[in-house]
Amino acid sequence: MTIAKNKYTIFIMKRAFVTGITGQDGFYLSKLLLEKGYEVSGTIRRSSTFNTTRIDSLISDYKNTEQFKLYYSDLLDSSSINSLIQKIKPHEVYNLAAQSHVAVSFKNPHFSVLTSTSGSLSLLDAVKNLDSNIKYYQASSSEMFGGVGSESLNETSLFIPKSPYAAGKLFAHNITRIYRESYDMFCSNGILFNHESPLRGETFVTRKISRAVGRIYHKIQNKLTLGNLDAVRDWGFAGDYVNAMWMILQHDKPDDWVIATGEAYSVKDFAREAFKVVDLDWEDYVLSDKKYERPNEVHHLLGDPTKAKNELKWKPETSFKDLVKMMVESDLLLAEQEKVLLDKKLIKPTWDNS
Ligand code: NAP
Ligand code: GDD
């Protein structure tokens, strides 16, 4: 964005505020925005161990600039959220923070639900009070659909949430729409289907599989135990999906958008494809145990991204096969390093190698 003033040209960087910046999407989105010339400010949580691993490369790359800034906060601390919005005066807000693990949301329901509900409300209110022209992106989720049938799901499909996580996300989704309609604000929901990457949290099923394939190939793990092998998901690449987040806020009007690939595969399919990368047969290694099943399972999620394709001109660039290969190849390197450390007795396995 540039503003011409008399004979001088003043460059004004767009400012983005990102919650959940230490997460998978936080990294890919921040990278994208920084490369586009944005000033990116993000919230991190105080932790007794370092939790910035995913964004350390960005911290390093931008350390001599004023372009990348981190602040301690938590979505449950509404006063700090409000102060940060007042201080940063962002042009765009991306609310990515959440306790995002569905199974964990059954174990920590209050925290999971409150982060999405109270968190989105604090942020929306802070935005409304400062400047209702600020653009707001809410990380909505396909999990809100509940995955009962096998039809493909779009912006008009029914929401039947099945977990505390999904119920919290549905509140955030609705309050985002309500602020848009009530206060004429630019508030949009991206209803994103599952998206993965080499930076995916290691307890999500795709990464659990790619990590295990790397270790099994390097002979430092014997078996992989999963839960429901028949669950079906529409898996895309996180790098493609953060581009959709940005495009949603550049569109001429605020709206709700389904972002998906339009192709569905089972957990079994993912495992088969991942073991195939290293010429192994998944059936020789994968076990199933009920302990990894949820109290209320979402069986089938397939998205229909037609609206985003037609109106945003967004489309996924990475195929299922390429995504699996990218994740396995990255985890083969990590396993190779772990093997060296194990051989030197510098670490002990923290993974299941029974
Ligand atoms: P992620 O890797 O689990 O990252 C979640 C982020 O939220 C982390 O930075 C985490 O901080 C932060 N966070 C958690 N609780 C918080 C709180 N109370 N206050 C402030 N920050 C908090 O998730 P992701 O895969 O990047 O997903 C990004 C967003 O999209 C999430 O809202 C998720 O629910 C949603 N979503 C994800 C997918 C997907 O397939 N990835 C699909 C649909 C929607 P720490 O690092 O300190 O834990
Ligand atoms: N995590 C995990 N671990 N899931 C397993 C396992 C296992 O060992 N075995 C089978 N699954 C099945 C789960 O029961 C689920 O049906 C499916 O694999 C995918 O599980 P996750 O990878 O944990 O993702 P998710 O679909 O529950 O949730 C993710 O996608 C949502 C969008 O639909 C998360 O990223 C959510 O934050 C996101 O909103």
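Keep in mind that this is a model prediction, so the values were computed, not measured.

The rules behind these values
- Residues numbered from 1 in each chain as written.
- Chains lettered and ligands numbered in written order.
- Predicted model: local features only at pLDDT ≥ 70, side-chain atom pairs only at ≥ 80, totals over all residues.
- Heavy atoms only, no water.
- Axes fitted to C-alpha atoms, helices over the stretch in contact; angles between N-to-C directions.
- Helix = DSSP H or I, 4+ residues; strand = E, 2+ residues; numbered from the N terminus.
- Left-handed = near helix turned anticlockwise from the far one by under 90°.
- Contact = heavy atoms within 4.5 Å.
- Nonpolar A, V, L, I, M, F, W, Y, C, P; charged D, E, K, R; others polar.
- pLDDT = per-residue confidence, 0-100.
- Pairing = 2+ DSSP bridges.
- Near = heavy atom within 4 Å.
- Polar contact = N/O pair within 3.5 Å; in protein donor to acceptor, adjacent residues only side chain to side chain.
- Parallel < 35°, antiparallel > 145°, perpendicular 65-115°, else oblique.

Student: Just to check I follow, could you spell out the packing of helix H3 (residues 78-88) against helix H5 (residues 109-130) for this structure?
Tutor: The contact between H3 and H5 brings their axes to 9 Å, and the two run at 35 degrees. For the crossing formed where H3 meets H5, the hand is right-handed. Residues Ser78, Ile81, Asn82, Ile85 and Gln86 of H3 pack against Ser122, Leu123, Ala126, Val127 and Leu130 of H5. Considered class by class, the residues forming the contact of H3 with H5 number 6 nonpolar, 4 polar and no charged.

Student: Which parts of the structure should I look at to understand the confidence of the model for the protein?
Tutor: Interpreting fine coordinate detail is not advised for predicted regions of low pLDDT. Mean pLDDT over the protein stands at 95; residues scoring 70 or higher make up 96%. Confidence drops under pLDDT 50 across residues 1-5; counting only partners more than four residues distant or on other chains, this segment forms 11 contacts.

Student: Just checking my understanding: could you explain the sheet that holds strand S8 (residues 187-192) for this structure?
Tutor: Whether parallel or antiparallel, the strands of a sheet pair through hydrogen bonds between backbone atoms. Here 7 strands make up an open sheet; going across it, the order is S5-S4-S3-S6-S7-S8-S13 and the pairing parallel. The open sheet has two free edges, formed respectively by strand S5 (68-72) and strand S13 (256-259), since each of these has just one partner strand. Each neighbouring strand pair of the sheet contributes to a mean axis angle of 20 degrees, computed without reference to strand direction. On the sheet, H3 packs against strand S3 (15-19), strand S4 (39-44), S5 and strand S6 (92-95) and is oriented at approximately 165 degrees with respect to S3.

Student: What exactly am I supposed to notice about the site of ligand 2 here?
Tutor: Around ligand 2, 24 residues are found, and the nearest of them are Ser100, Ser141, Ser142, Tyr165 and Arg294. At a separation of 2.5 Å, an oxygen atom of ligand 2 approaches a polar side-chain atom of serine 141. Of the residues in the shell around ligand 2, the class split is 10 nonpolar, 8 polar and 6 charged.

Student: Before we go on, may I ask you to explain the site of ligand 1 in this structure?
Tutor: Residues in contact with ligand 1 amount to 26 residues; listed here are only the nearest, Thr22, Arg45, Ser100, Tyr165 and Lys169. One nitrogen or oxygen atom from the main chain of leucine 75 is found 2.9 Å from a nitrogen atom belonging to ligand 1. A distance of 3.2 Å is found between an oxygen atom of ligand 1 and a backbone nitrogen or oxygen belonging to alanine 98. Looking at the shell around ligand 1, the elements with two or more residues in it are helix H1 (24-35), H5, strand S7 (135-141) and helix H6 (164-183). Per-element tally for the shell around ligand 1: the top contributor is S7, with 3 residues. The class makeup of the residues in the shell around ligand 1 is 10 nonpolar, 11 polar and 5 charged.

Student: Sorry if this is basic, but what is going on with the packing of H1 against helix H8 (residues 238-250) here?
Tutor: Helix-helix packing is described using two parameters, namely the angle between the two axes and the distance between the axes. Here H1 crosses H8 at 60 degrees, and the two axes come no closer than 9 Å. Put simply, H1 runs oblique to H8. As for how H1 packs across H8, the hand of that crossing is right-handed. Within the contact between the two elements, H1 uses Gln24, Asp25, Tyr28, Leu29, Leu32 and Leu33 and H8 uses Ala238, Gly239, Val242, Asn243, Met245 and Trp246. Its residues assigned to classes, the contact of H1 with H8 shows 8 nonpolar, 3 polar and 1 charged.

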